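Each chain is listed here by its residues.
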Number of protein chains: 2
Amino acid sequence: MHKNLKKIGIEMKLTTKGRYAVLALTDLALERDEDFVKISHIAMRQNISSTYLEQILLKLKRAGLIVGVRGPNGGYKLASEPEKIMIADIINIVEGKMEAKGCVSKSGSCTGVSGRCMTHDLWDELSRHIELFLGQISLRDIIKGNVLGRSSPPRAFDY
Amino acid sequence: MHKNLKKIGIEMKLTTKGRYAVLALTDLALERDEDFVKISHIAMRQNISSTYLEQILLKLKRAGLIVGVRGPNGGYKLASEPEKIMIADIINIVEGKMEAKGCVSKSGSCTGVSGRCMTHDLWDELSRHIELFLGQISLRDIIKGNVLGRSSPPRAFDY
DNA sequence: TAGTTCTTGACAAAAATACTCGGAAAATAT
DNA sequence: ATATTTTCCGAGTATTTTTGTCAAGAACTA
Ligand code: FES
Ligand code: FES
């Protein structure tokens, strides 16, 4: 009882971690000429705790979004073109992709019989919506200011 | 330093509280014939802690979304037709509408000079997107299963 | 009156988030 | 070689948010 909805989360969680990540990568996208950018520089420019930022960038590096080299003149660099890096990817990596659909499946609860409650589809559709939106916007769009006025992609069916 | 982004949140926060609220109101919308539905019944049917649900329903009542009467045969009832109650309203009420735009404005930080950082518009647009989506779906849509395949409202401008 | 049921606020437990720390591994420069 | 710079890595702590409980009160009905 009342323990079953505990870990349910919307597919696309958004905390400062995700925001820091996008902010840092945006910074990286702007500084693309300098070969490698140091954590401390990003942290200072974007006003983020540099030790915290380490964690975040590390994840992004492990995921292959950025490359890092150590030692003097080291730092981080985008692994690919800014237009190829989508915001949804960044966030999914640092926030941790939610455990497959999130909700009821495992405990079999969340209102009785049919396995899924009346609101299931709603949250599902909402997640999909967000993911689509953020999956459509790249780092390049951000540094170019091409974010406003973006509509959802056309859908096959409609009411 | 690094204390400024702390309370920033996406405009539309979503926790179990919001989910419980929608679930409870959906239940209420289904039971519209019975004059008043008791907290304990909703809690049992939807498998929610009834003392916790009290808090949630109270907020919704104060906001005027539902009406409650005490005493025997008392309980809660929707204040208006299910098609007039939008999911966005429900969530905004119980989760607490984020403090106007959330981000930088107050502390003047979040990257330097221009007042707004490069990612500002992104989060702003995302919030708007979510709000539009959930503001479009009513309780009636949920109990009718009219949620899937809903597209975003048409936009005036597009790229 | 007695019993029911919402109302209210304050409080406590648990979880998630934000952030720190200490050191190891690589690369470079001297 | 050695010192220095910087990323890498695991673990730990502190803070905030979320989730839930409790106890007492107010309105309503029979
Ligand atoms: S959210 Fe209730 S079953 Fe998926
Ligand atoms: S989010 Fe950085 S300025 Fe609004």
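For clarity, every value in this text was computed on a predicted model and none was experimentally measured.

Asks: How do you make sense of the packing of helix H2 (residues 39–46) of chain A against helix H3 (residues 50–62) of chain A when you look at a structure like this?
Replies: Axis angle and axis distance: for two packed helices, these are the angle between their axes and the distance between the axes, and together they describe the pair. Residue and element names in this part refer to chain A. At a minimum axis separation of 9 Å, H2 and H3 run at an interaxial angle of 115 degrees. Of the two possible hands of crossing, H2 and H3 adopt the one that is right-handed. Contacts between H2 and H3 involve Ile39, Ile42 and Ala43 from the first element and Ser50, Leu53, Glu54 and Leu57 from the second. Counted by class, the contact of H2 with H3 contains five nonpolar, one polar and one charged residues.

Asks: What is the right way to read the pattern of salt bridges from this model?
Replies: Any two side chains of opposite charge can pair, so long as their charged atoms come close to each other. Residue and element names in this part refer to chain B. Tallying each qualifying case throughout the model produces eight salt bridges over all chains. For Arg45, the salt bridge goes to Asp27, with nearest N and O atoms at 2.7 Å. With Arg45 in helix H2 (residues 39–46) and Asp27 in helix H1 (residues 16–30), this pair connects stretches of sequence that are 18 residues apart. Assessed through its relative accessible area of 35%, Arg45 is described here as partly exposed. On the basis of relative accessible area, Asp27 is assigned to the buried category, the value being 2%.

Asks: Could you clarify how one ought to interpret the packing of aromatic side chains in this entry?
Replies: In this structure the tally under the stated criterion is two aromatic pairs over all chains. Considering the side-chain rings of Tyr20(A) and Tyr52(A), the 5.9 Å spacing of their centres and the 85 degrees angle between planes classify their relative orientation as edge-to-face. Placement of Tyr20(A) in helix H1 (residues 16–30) and of Tyr52(A) in helix H3 is noted, with a sequence separation of 32 residues between them. Stacked on the ring of Trp123(B), the Lys or Arg Arg19(A) has its end atom at 5.3 Å from the ring centre.

Reading the values: the criteria
- Residues numbered from 1 in each chain as written.
- Chains lettered and ligands numbered in written order.
- Predicted model: local features only at pLDDT ≥ 70, side-chain atom pairs only at ≥ 80, totals over all residues.
- Heavy atoms only, no water.
- Axes fitted to C-alpha atoms, helices over the stretch in contact; angles between N-to-C directions.
- Helix = DSSP H or I, 4+ residues; strand = E, 2+ residues; numbered from the N terminus.
- Left-handed = near helix turned anticlockwise from the far one by under 90°.
- Contact = heavy atoms within 4.5 Å.
- Nonpolar A, V, L, I, M, F, W, Y, C, P; charged D, E, K, R; others polar.
- Salt bridge = Lys/Arg side-chain N within 4 Å of Asp/Glu carboxyl O.
- Buried < 20%, exposed > 50% of the residue type's maximum accessible area, 1.4 Å probe, protein only.
- Phe/Tyr/Trp six-rings, centres within 6.5 Å; stacked < 30°, edge-to-face > 60°.
- Lys NZ or Arg CZ within 6 Å of the ring centre and 35° of its normal.

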